[in-house]
Amino acid sequence: MGFSHLPTYREQADSMIPGRPEAIVFACDGTLMDTHACVRHALDAVFQRRGRLCSDEIHEGVVGLSIPAMAVVLTSILCADADRLAGELLTAVIDHVPVAATALPGAVEIVTLAASDLPVAIASNSPRPLLNASLTHGGLLDLVHVTIAADEVPGPKPAPDVYLAACRRLDVAPHRALAIEDSPVGVTAARAAGLTVLTVGPRTRGSRAHVDHLDNPALLRRICEISAPEPDLVS
């Protein structure tokens, strides 16, 4: 009777993060921060204001989109102005961050490890006020070198702009950087920008390089490896 091969740490590590990236760019919502309840609260509030209920199908359909993109999707459903909807959504999400947003398990640890010796950025599909509110609440804002918000670039994810901007600010070529992403929309953006992608969480399960959670011990060990200074070579 044969035994199935269990991957060694080295095999797991190399499949998650091949080579030695020169920088790491994290997504925010769903990757580092759990703001799911905040978005759900905002959607429910916008619908209830108009005497409607937001279905699970509608909620799942806008996950990962920027707030303006969410508003565009909702215009035909609610027969309302997109700019007004976007303003209502943003206000409701920000107001709910202190109530319901949390840093995901392993988020602070992995960002701290990565930033100890690597340039690290956060590239988010949130506008700047929401991004700052989330990162401040989660204790992450002061841990990274660069943060890029969706309203600071020409196009939000799935366009590559936030990732390209992050790499420019870090002074790293995109093909030399690693993106850590939780949503299909974000994965599309990172790959379009030319970054290597490690996916995390249930919505990207099935990707070649994937972990279920950031506190995966093999991932944390791999981050320690690539963030440690390379030894000087003696001729």
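Data block above holds the structure.
Reading the values: the criteria
Residues numbered from 1 in each chain as written. Predicted model: local features only at pLDDT ≥ 70, side-chain atom pairs only at ≥ 80, totals over all residues. Heavy atoms only, no water. Helix = DSSP H or I, 4+ residues; strand = E, 2+ residues; numbered from the N terminus. Rg over C-alpha atoms; globule rule 2.2 N^0.38 Å. Buried < 20%, exposed > 50% of the residue type's maximum accessible area, 1.4 Å probe, protein only. Pairing = 2+ DSSP bridges. Polar contact = N/O pair within 3.5 Å; in protein donor to acceptor, adjacent residues only side chain to side chain.

J.: Even after reading the chapter, I still don't get the overall build of the protein, so can you show me in this structure?
T.: Scanning the protein for helices and strands turns up 10 helices and 8 strands. The globule rule puts the C-alpha radius of gyration for 235 residues at 18 Å, and the 19 Å found for the protein is close to it. Referenced to the eigenvectors of the C-alpha coordinate spread, the extents of the protein come out at roughly 70 × 50 × 30 Å. Counting only residues that meet the buried cut, the protein has 48% of its 235 residues in that class.

J.: Any chance you could explain the pairing of strand E1 (residues 23–26) here in plain terms?
T.: A two-sided burial pattern is seen for E1, the buried positions comprising Ala23 and Val25 on one face and Ile24 and Phe26 on the other. In this structure, E1 lies alongside strand E6 (residues 177–181), joined through 4 bridges in parallel fashion. By the bridge assignment, Ile24 is partnered in E6 with Leu178. Bridge analysis of E1 against strand E4 (residues 120–123) gives 3 bridges, and the strand direction is parallel. Bridging from a neighbouring strand, Ile24 pairs with Val120 of E4.

J.: Explain the sheet that holds E1 to me, please; I cannot follow it from the model alone.
T.: In a beta sheet, neighbouring strands pair by backbone hydrogen bonds and run either parallel or antiparallel. The 6 strands lie next to each other as E5-E4-E1-E6-E7-E8, forming an open sheet whose pairing is parallel. Each edge of the sheet is formed by a strand with only one pairing partner; in this case those strands are strand E5 (146–148) and strand E8 (210–211). Sheet analysis places strand E7 (residues 196–200) next to E8, joined by 2 bridges and oriented parallel. Each residue of the ladder has a partner; that of Val200, found in E8, is Val211.

J.: Help me out: how do you make sense of the environment of Asp81 in this one?
T.: Relative to the elements of secondary structure, Asp81 occurs in the loop between helix H4 (67–78) and helix H5 (82–100). Of note is the side chain of Asp81, whose polar atom sits 3.1 Å from the backbone nitrogen of Asp83.

These values are about where atoms sit, not about what they do.
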